[in-house]
Amino acid sequence: YKLYDDSMETWSTSNSSLSTNLIRTIYEHPNGSMYAGFRGIWKYENNDWIKQYGYNEVIDNEYPAVEAIFSDSQSRFWVGASNASLTIAQNDTTYQIFKDKSEQSFKNVRAFQEYSDGTVFFASNGYGLAFLPLDGILRSIRVLINSSN
């Protein structure tokens, strides 16, 4: 949707380059660019949604459902998706599966948040909470529930 003072514009597969009518997340980059995600990532340019190539080509799931898009203070562009590893791109151009300095990755990211000290937090579906401080080592918090207690 695009809201005007007296009307609203709706984008769909019939009036834009979107390949689906289902969008799971939308994100406004600090530079003003708009992104949408579901089975890939689209960027709004020149009054249309343009598919961003590179993401689907590196992801470890044939049909990732993009759940969250985020850019941090270090110009890292993060993408979280269901049943797929966390991906990262520098300045939203070259995507790769994120691995920290110890080669650890993280899956099913549904939300991002950056703390004032630059630590990026990742909320997931089924993998708990993780955070990446400036030292570059991913740390995770996972609560295990024992059904016998």
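Everything numeric in this text was worked out from a predicted model, so none of it was measured.

K.L.:
Give a description of the overall build of the protein chain that names residues and reports values.
P.N.:
Per the secondary structure count, the protein chain includes one helix and 14 strands. Taken over 149 residues, the protein chain has a buried fraction of 44%. A fraction of 36% describes how many contacts in the protein chain between residues 6 or more apart in sequence connect residues 24 or more apart. Just so you have it, the protein chain exposes about 8,700 Å², and 48% of that area is on carbon and sulfur atoms.

K.L.:
If you had to explain the sheet that holds strand E14 (residues 139-141) to someone new, which residues and values would you point to?
P.N.:
Strands sit in the order E11-E12-E13-E14 across an open sheet of four strands; the sheet is antiparallel. Two strands close off the open sheet at either side, each with one partner strand: strand E11 (109-114) and E14. If you compare each strand with its neighbour and ignore which way they point, the axes differ by 20° on average.

K.L.:
Summarise the packing of aromatic side chains; cite the residues concerned and give the values.
P.N.:
Under the defined criterion, the tally for this structure stands at 13 aromatic pairs. Between Trp11 and Trp49, the aromatic rings sit 5.7 Å apart at their centres with planes inclined by 85°, giving edge-to-face as the arrangement. Of this pair, Trp11 sits in the loop between strand E2 (8-9) and strand E3 (25-28) while Trp49 sits in strand E6 (residues 48-51), and the two are 38 residues apart along the sequence. Exposure class is identical for Trp11 and Trp49. Each is buried. Pairing Tyr44 with Trp49 gives two aromatic rings, centres 5.1 Å apart and planes at 55°, and the pair type is tilted.

K.L.:
Tell me about the environment of Phe122, and name the residues and values.
P.N.:
Along the chain, Phe122 turns up in strand E12 (residues 120-124). Taking the relative accessible area as the measure of exposure, Phe122 reaches 0% and is therefore buried. Ignoring anything within four residues of it in the chain, the contact list for Phe122 reads Trp78, Leu86, Phe106, Val109, Ala111, Phe112, Gly128, Leu129, Ala130, Phe131, Leu132 and Leu138.

K.L.:
Tell me about unusual backbone geometry, and name the residues and values.
P.N.:
The residue Asn47 is not glycine, and still its phi comes out positive at about 65°. By the element assignment, Asn47 lies in the loop between strand E5 (40-45) and E6. Notably, Asn108 is not glycine yet its phi reads approximately 55°, a positive angle. Take Asn108: it is sitting in the loop between strand E10 (94-97) and E11.

K.L.:
Describe the nonpolar core, with residues and values.
P.N.:
Ranked by internal contacts, the top residues of the largest apolar core, which has 27 residues, are Ile41, Tyr55, Trp78, Phe112 and Phe122. Mapped onto this core, the elements with two or more residues apiece are strand E7 (65-71), strand E8 (76-82), strand E9 (87-90), E11, E12 and strand E13 (129-132). By size, the runner-up hydrophobic cluster in this structure holds six residues, among which are Trp11, Leu18, Trp42 and Tyr44.

Rules of the game
Residues numbered from 1 in each chain as written. Predicted model: local features only at pLDDT ≥ 70, side-chain atom pairs only at ≥ 80, totals over all residues. Heavy atoms only, no water. Helix = DSSP H or I, 4+ residues; strand = E, 2+ residues; numbered from the N terminus. Buried < 20%, exposed > 50% of the residue type's maximum accessible area, 1.4 Å probe, protein only. Contact = heavy atoms within 4.5 Å. Areas by Shrake-Rupley, 256 points an atom, 1.4 Å probe, with all protein chains shown as cover. Pairing = 2+ DSSP bridges. Axes fitted to C-alpha atoms, helices over the stretch in contact; angles between N-to-C directions. Phe/Tyr/Trp six-rings, centres within 6.5 Å; stacked < 30°, edge-to-face > 60°. Core = buried A, V, L, I, M, F, W, Y, C linked by side-chain atoms within 4.5 Å.

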